[in-house]
Amino acid sequence: MRHFAIVGSGPAGFYTAEALAKAYGGEARIDIIDRYPVPYGLIRFGVAPDHQSLKAVSKRYDQVAEGGTVQFLGNVAVGAHVSIDELRGLYDAVILAIGAPHDRKLGIPGEDLPGVVGSAEFVGWYNGHPDFADLDPPLGGSHAAVIGNGNVALDCARILAKNRHEFEGSDIVGHALDALDRSAIRTITILGRRGPHQISMTPKELGELGHLEAAAPLVEAGDFPPIEADEALEPGQRKSINILREFATHEPDDSKPKKIVFDFFARPVRIEGDGKAERLIVERTMLDAGGGAQGTGEMYEVAASLIVTSIGYQTPRIDGVPYDERGGKFANDAGKIADGLYAVGWARRGPTGTIGTNRPDGYEVAEQIAAAMPPGSDGAKAGSKVLNGLLEERGIKATSFTDWRTIEAAEVAAARPGSPREKMVRHDDWLKALGH
Ligand code: NAP
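Residues numbered from 1 in each chain as written. Predicted model: local features only at pLDDT ≥ 70, side-chain atom pairs only at ≥ 80, totals over all residues. Heavy atoms only, no water.

### Examining the site of the ligand
In the vicinity of the ligand, 20 residues are found, and the nearest of them are Asn149, Arg193, Arg194, Glu205 and Gly353. Between the ligand and glycine 353, the relevant distance is 2.7 Å, taken from an oxygen atom to a main-chain nitrogen or oxygen of the residue. For the ligand, the protein covers 81% of the area, taking 920 Å² as the surface of the free molecule. For the shell around the ligand, the element with the highest residue contribution is helix H7 (residues 151-161), accounting for three residues. Split by residue class, the shell around the ligand holds seven nonpolar, eight polar and five charged. (Near = heavy atom within 4 Å. Polar contact = N/O pair within 3.5 Å; in protein donor to acceptor, adjacent residues only side chain to side chain. Areas by Shrake-Rupley, 256 points an atom, 1.4 Å probe, with all protein chains shown as cover. Helix = DSSP H or I, 4+ residues; strand = E, 2+ residues; numbered from the N terminus. Nonpolar A, V, L, I, M, F, W, Y, C, P; charged D, E, K, R; others polar.)

Okay, structure coming up:
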């Protein structure tokens, strides 16, 4: 028998559990540990609430959790309630699947002014993340800016642009829906430090901006290189650029009260305001020979009382685990950190790729583990039997997958009309739903 602990119950954690369960059959016990009493990490707290089809992948994770080999241990914070060293003493392998939930910083003056929020915070706020339930982003001004040209920037801009009823069928939390409904924001500027060819936005997500009820995208035709240059792009990127080129042909649509302005070749250098964010000072850039952003010295202002920085994420450090400073992830070699210690998903690769990218990633690490300790071999580790005792001694009540089902049923029962659930956003509410 082998015992494995996976820390983090998002896509990377669940795909790794699935792979290990397949490799070891009944000869392994796999514990998925999460700091929150509810599973699914990025699926619950990160994927946009109006992208329910992406969230449906959690049904596959349900099957993993209910397959008999895997146990969910929620409400257990690794680092605070149990250390990595303790886990390594109890499990044949510990796999870190904690994602990259912290915002990277821009490193410019004014970044700490009220009104500047990271996309992890903003997304967490509308998605029911307990750490950001009280974020209260300022929505009273008419201008917002989103910094970054990736899919998360698109998510943030789209959420700011939608009408209340465009959220029907989504699981946006009630407090965010009400605040967005009262929002005065009419102009959302998306700033990219490079040009249209350098965006990291995928066609489906970009295309959605063309179908918003109350908002129209605005793109400057002059920002594009000659059309022949598109031929060198890979097909997905070419599709995205075609969509942007199409947006650039639109006449201003006065029937739509909101606009989403794409500001390319725009590098924020400073955020200014009287005790709160009021404007971004931006330097016009051009591409240098290597395709990087080079400042031109031309400065201008972009008005914004809400500024969402959406420039990528970092994995938090864990005591005793080597860290790759530049990559913002655990130092690892193809997923291996040390004997019996691995990383998967964004904690392994950094914050890139889709949910599906985590599947091969988890399977690859499971294969490495199976090569190091072949299925059928026995280990000397005690696993959750001893962990459960430790947690009990420390007064920690771990939640099970059955407990999650109870919380889920309560959320579904409390759903607003048109919403699949009313997410509980406080730790205490989750525990209350369990009668703890
Ligand atoms: P991303 O795709 O890496 O985009 C980050 C953006 O931030 C880039 O445009 C980058 O520009 C810019 N940036 C970085 N540092 C900057 C700085 N100092 N100043 C100005 N701009 C800066 O990251 P993401 O949007 O956070 O997305 C993370 C991953 O999740 C991606 O793989 C994404 O596709 C995925 N995702 C997918 C979906 C979906 O499929 N629906 C939704 C959300 C996220 P440069 O290129 O110039 O560095």
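### Some thoughts on the sheet that holds strand E12 (residues 279-287)
The three strands are arranged E11-E12-E13 in an open sheet whose pairing can be described as antiparallel. Lying at the two open borders of the sheet, with one neighbouring strand each, are strand E11 (266-272) and strand E13 (293-303). When the angles between neighbouring strand axes are averaged without regard to direction, this sheet yields 25 degrees. Bridge count between E12 and E13: eight bridges; the pairing is antiparallel. By the bridge assignment, valine 282 is partnered in E13 with tyrosine 300. (Pairing = 2+ DSSP bridges. Axes fitted to C-alpha atoms, helices over the stretch in contact; angles between N-to-C directions.)

### Thoughts on the pattern of salt bridges
Using the criterion set out here, one finds 37 salt bridges in the structure. Glutamate 208 is the salt-bridge partner of arginine 158, the closest N and O atoms lying 3.6 Å from each other. On the criterion of sequence distance, the pair formed by arginine 158 in helix H7 and glutamate 208 in the loop between helix H9 (203-207) and strand E9 (215-218) is long-range, its members being 50 residues apart. Ionic pairing is found between arginine 421 and glutamate 408, a salt bridge with its closest N-O pair at 3.6 Å. Separated by 13 residues along the polypeptide, arginine 421 in the loop between helix H14 (401-413) and helix H15 (427-433) and glutamate 408 in helix H14 bring together distant segments of the chain. Given the relative accessible area of 15%, arginine 421 is considered buried. Each member of the salt-bridge network shares a partner with another, and the members are Arg44, Asp62, Glu66, Arg405, Glu408, Glu411 and Arg421. (Salt bridge = Lys/Arg side-chain N within 4 Å of Asp/Glu carboxyl O. Buried < 20%, exposed > 50% of the residue type's maximum accessible area, 1.4 Å probe, protein only.)

### A short note on the layout of surface pockets
Considering only enclosed or pocket space, the second largest pocket measures out at about 290 Å³ in volume. Contributing to the lining of the second largest pocket are 17 residues, with Lys55, Ser58, Asp171, Glu408 and Arg421 lying nearest its centre. The set of elements that each furnish at least two residues to the lining of the second largest pocket consists of helix H2 (42-45), helix H3 (52-55), helix H4 (58-65) and H14. (1 Å grid on protein atoms, 1.4 Å probe; cavity = no way out; pocket = protein on both sides within 12 Å on 5 of 7 lines; lining within 4 Å. Points joined across faces, edges and corners; volume = space filled by probe spheres on them.)

### Section: the packing of aromatic side chains
In the structure shown here, the tally under the stated rule is 13 aromatic pairs. Centroid distance tyrosine 313 to tryptophan 346: 6.0 Å. Interplanar angle 25 degrees. Geometry classified as stacked. Note that tyrosine 313 is positioned in strand E15 (residues 313-314) and tryptophan 346 in helix H11 (residues 346-349), a separation of 33 residues in sequence. Since its relative accessible area comes to 11%, tyrosine 313 is described here as buried. Joined through ring pairs, the aromatic side chains of Phe14, Tyr15, Tyr40, Tyr61 and Trp404 make up one cluster. (Phe/Tyr/Trp six-rings, centres within 6.5 Å; stacked < 30°, edge-to-face > 60°.)

### Looking at the environment of isoleucine 172
Take isoleucine 172: it is sitting in the loop between H7 and helix H8 (174-181). On the basis of relative accessible area, isoleucine 172 is assigned to the buried category, the value being 0%. As a C-alpha pair, isoleucine 172 and proline 420 span 248 residues in sequence and 9.4 Å in three-dimensional space.

### Focus: helix H10 (residues 235-248)
With 14 residues, H10 extends 20 Å from end C-alpha to end C-alpha; this agrees with the ideal 20 Å at 1.5 Å per step. Buried residues in H10 make contact with H9, E9 and strand E10 (258-263). (Expected span 1.5 Å × (residues − 1). Contact = heavy atoms within 4.5 Å.)

### Structural notes on the sheet that holds E9
Reading across from one edge, E6-E14-E7-E8-E10-E9 is the order of the six strands in this open sheet, with parallel pairing throughout. In this open sheet, the two edge strands, each paired with only one partner strand, are strand E6 (116-118) and E9. On average, each strand axis in the sheet is tilted by 20 degrees relative to the strand beside it, whichever way the strands run.

### Observations regarding unusual backbone geometry
Even without a glycine there, the phi angle at phenylalanine 265 is positive, about 50 degrees. The residue phenylalanine 265 is located in the loop between E10 and E11 in this model. On the basis of relative accessibility, which here comes to 16%, the residue phenylalanine 265 falls in the buried class.

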